[in-house]
Amino acid sequence: MTNGAGGATTATSSEVLEVQLPQLKVARRRVERVGLAYYSARRQQLAPGGVERSESDEKLEGAGEEVDISFLKSLDPKEWKDQDHYSVLGLGKLRFEASDDDIRRAYRRMVLLHHPDKRKAKGEEVIQDDDYFTCITKAYEILGTPKARRGYDSVDPEFDDSLPSQNDIDSDYFAVFNKFFTLNGRWSEKAQVPIFGEVDAKRDEVERFYNFWYDFKSWREFSYLDEEDKEKGQDRDERRWIEKENKAARIKRKKEEMTRIRSLVDLAYNNDKRIQRFKQEEKDRKAAAKRAKMDAAQAQKAEQERAVREAALAKEKADKAEQKRIEQIRIEREQQKKVLKKERKILRDKVKDCKYYAKNDKDQLKHMEGTEKICETFNLTELQALNKAMETKGRESFVAALHTAEQKIQAELDEINQTQQKQKASAAVPPKGIKEVKKGELWSNENVQLLIKAVNLFPAGTAQRWDVIATFINQHSPANSSSGLLVNARDVLNKAKALQNTDHSKSTLKSQANDGAFASFEKSKREVQTSNDITLGEDTPAQASKENVNVKQNGVDHKVNNQQAKQNGNGEGAAPAAEPAPAAPTTNGTGGGGGAGGAASKTWTKEEQALLEQAIKTYPTTTPDRWDRIASCIPNRSKKDCLRRVKELVELVNSKKEAQAAVK
């Protein structure tokens, strides 16, 4: 339309209104159709079949996606599970890339074209129960439901589950595996799937790619291939059984799928030239580092050897210098000795020529001795000065020198005496914190008796014998416990040696021990028989020290071995048992003569001890009236005597064990 007056041209279209004015600047804007113009444009956009067109329709038409009617009529509704649902809806090329909107529009188009009512209106014969439209409906039910579509996509018949052959890999490695990893990347649970890359890919990219695929998580599941539908089960048990069978089949197929993915990744990794190059680079790097380390070690070793050589040379040089210095000193000393010897000879000759400046024979002898004193006490300088002075003054210089020599000798003697006195004084003062103990207080009569008993209890050969004996004495001596005075192994050893000494003139310890033992014996008023008994008799201690007593009480054997102590390889003194010990062996620190009730009992002889041992073995603990029968086997012994004897022996053995355990 042209307006001649204004020279303006107005052009109209269905979408844009453009006004052109030669001298005016106008803005362009989009004009939306309304009313009849909208409906008219809408009708122009519809397809010939009356279906609204969209971008998806254009995409399908561009791909040539048309469904052949003969293909649809060949479908069997009963075999719907084996059909290609994407091809039924005309999405055979898009397949899993088709969106939900594409599926919905494709289904609407198929409904408008193939609905039974539409076909009946055109005069086509339709079989209601065996019509292919059922397959179209079933395809939309599966693809239109996300869960069902996921199951169908997992078993897409168009997907290639095979692995590349070795010929394909050798021909074009990167192209082949880029294709296969791209196809299988659709199953990844993660959205970002790394690409396979090319030959020039960096090492971190390649490692990230293989780490991703070796830890690959697939969403692929195989529920679409379930042989039975659990909803068809008649009861709950049957449905559970169907679900169990289906689950086992899915797990098996899932394992096979993961094995296939792992095989694909291993195949790519083993044939990847990049991995081989990286390994070679790593190997070369380690070899270079190893060589550098070895070179550094060799350099360090060479440096150490050089330092050692230099130190050896320096030491050799220092040793030579030291030897030279020592030799120089030796030469100087030799020279001084020669000069000193010469001066002494000059002094002796002068004094001798002057007859020792003596007025009589007594003075001559004294001056002769004085001459030697002067030679020994005077140094070289003093001797030279004396020889020079004697040339002018003579006797006066000699007498003064003699007096000086005597003073020097006296000063040296005084210094030596003072040093010895200081040493004696320091040795006499006991160190701080140590209490001085008198031997008389440490070894009382009771401790001596315990020592005699302990030496018999613990014969030579006992492990840590003197420590055990010292512990035994400390445990059983009330005086030591109350006063805090404890004996040690050295004290015990010294006391035992003193008691063993046969020279009574040098030591009165034996006589004191015997007197104390006899006093105790008289006080206890016991009859002691001279026999080979375990008790140390007054007259036969050597026999008593060799006695072995075996006691069995309640089925347990106890052996009390009393033998004479012998001096071992370490120079340990023998037991005091070599001397008479008038007291019987004590039990728990008390004399064996005084029983628990305080009454005196007759000493057990060797024959009675043997009968007691045999009776204890003959009558075990299960025997009724055991101790009555044991007492009947021993003449002149009662049941009470037998029990008391066994109790004493058991206590003796137990005390011995306690002393040994305390040392350990």
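Residues numbered from 1 in each chain as written. Predicted model: local features only at pLDDT ≥ 70, side-chain atom pairs only at ≥ 80, totals over all residues. Heavy atoms only, no water.

Q: Before we go on, may I ask you to explain the overall build of the protein in this structure?
A: Summing up its helical and strand segments, the protein has 26 helices and 5 strands in all. Within the protein, the fraction of its 664 residues that count as buried is 33%. For the protein, the accessible surface area stands at approximately 43500 Å², while carbon and sulfur atoms represent 50% of it. (Helix = DSSP H or I, 4+ residues; strand = E, 2+ residues; numbered from the N terminus. Buried < 20%, exposed > 50% of the residue type's maximum accessible area, 1.4 Å probe, protein only. Areas by Shrake-Rupley, 256 points an atom, 1.4 Å probe, with all protein chains shown as cover.)

Q: What should I look at first to understand the pattern of salt bridges in this one?
A: Pairing between side chains becomes possible if they bear opposite charge and their charged atoms approach one another. As enumerated under the stated definition, the model contains 32 salt bridges in all. Residues Asp161 and Arg220 are paired through a salt bridge, measuring 3.2 Å at the closest nitrogen-oxygen approach. Of this pair, Asp161 sits in the loop between α8 (146-154) and α9 (166-171) while Arg220 sits in the loop between α11 (203-214) and α12 (236-270), and the two are 59 residues apart along the sequence. Between Arg220 and Glu257 there is a salt bridge; the shortest N-O distance is 3.0 Å. Here Glu257 lies in helix α12 and Arg220 lies in the loop between α11 and α12, a separation of 37 residues in the sequence. In terms of burial, Arg220 and Glu257 fall into one category: buried. Connected through salt bridges with shared partners, the residues Asp161, Arg220, Glu257 and Arg260 form a single ionic network. (Salt bridge = Lys/Arg side-chain N within 4 Å of Asp/Glu carboxyl O.)

Q: Please clarify how the packing of aromatic side chains should be interpreted in this entry.
A: Here a ring pair, both rings aromatic, is described through the centre-centre distance and the interplanar angle of the planes. In the structure shown here, the tally under the stated rule is 25 aromatic pairs. Ring centres 5.2 Å apart and planes at 75° place the aromatic pair Phe196 and Phe209 in the edge-to-face group. One end of the pair, Phe196, is in the loop between α10 (173-184) and α11; the other, Phe209, is in helix α11, and 13 residues separate them in sequence. Across this residue pair, the class does not change: Phe196 and Phe209 are buried. Between the NZ or CZ atom of Arg465 and the centre of the ring of Trp466, over which it lies, the distance is 4.7 Å. (Phe/Tyr/Trp six-rings, centres within 6.5 Å; stacked < 30°, edge-to-face > 60°. Lys NZ or Arg CZ within 6 Å of the ring centre and 35° of its normal.)

Q: Whenever I open this one, α11 confuses me. Can you help?
A: Because each turn of an α-helix spans 3.6 residues, side chains separated by three or four positions end up pointing in the same direction. Between its terminal C-alpha atoms α11 stretches 16 Å, which fits the 16 Å expected from 12 residues at 1.5 Å a residue. Burial in α11 covers these residues: Val206, Phe209, Tyr210, Phe212 and Trp213. One side of α11 carries all its buried residues, which in axial view fall inside an arc of 155°. Those residues of α11 hidden inside the fold are in contact with α10, α12 and α13 (273-353). (Expected span 1.5 Å × (residues − 1). Arc of directions from axis to C-beta. Contact = heavy atoms within 4.5 Å.)

Q: Explanation requested: the side chain of His85 in the structure shown.
A: With respect to the helices, strands and loops of the structure, His85 is situated in helix α4 (residues 85-88). Looking at His85, the relative accessible area reads 0%, which means it is buried. Not counting the four nearest positions on each side in its chain, His85 is found in contact with Trp80, Ala139, Ile142, Leu143, Tyr152 and Tyr224.

Q: Teacher, can you tell me more about the layout of surface pockets here?
A: One way to see where empty space is left: roll a probe the size of a water molecule over the atoms. By volume, the largest pocket is sized at about 830 Å³. Taken together, 22 residues make up the lining of the largest pocket; nearest its centre are Lys81, Ser223, Tyr224, Asp226 and Asp229. Looking at the lining of the largest pocket, the elements that each hand over two or more residues are α7 (133-143), α8 and α12. A class-by-class count of the residues in the lining of the largest pocket yields 4 nonpolar, 4 polar and 14 charged. (1 Å grid on protein atoms, 1.4 Å probe; cavity = no way out; pocket = protein on both sides within 12 Å on 5 of 7 lines; lining within 4 Å. Points joined across faces, edges and corners; volume = space filled by probe spheres on them. Nonpolar A, V, L, I, M, F, W, Y, C, P; charged D, E, K, R; others polar.)

Q: Got a minute to help me understand the packing of helix α19 (residues 465-476) against helix α26 (residues 639-663) in this structure?
A: Between two packed helices, both the angle of their axes relative to each other and the distance between the axes serve to describe the pair. Between α19 and α26, the least distance of the axes is 8 Å, while the angle of their chain directions is 115°. Of the two elements, α19 crosses α26, and the hand of that crossing is right-handed. Contacts between α19 and α26 involve Asp467, Val468, Thr471, Phe472, Gln475 and His476 on the former and, on the latter, Ser655, Glu658, Ala659, Gln660, Ala662 and Val663. Within the contact of α19 with α26, the residues separate by chemical class into 5 nonpolar, 5 polar and 2 charged. (Axes fitted to C-alpha atoms, helices over the stretch in contact; angles between N-to-C directions. Left-handed = near helix turned anticlockwise from the far one by under 90°.)

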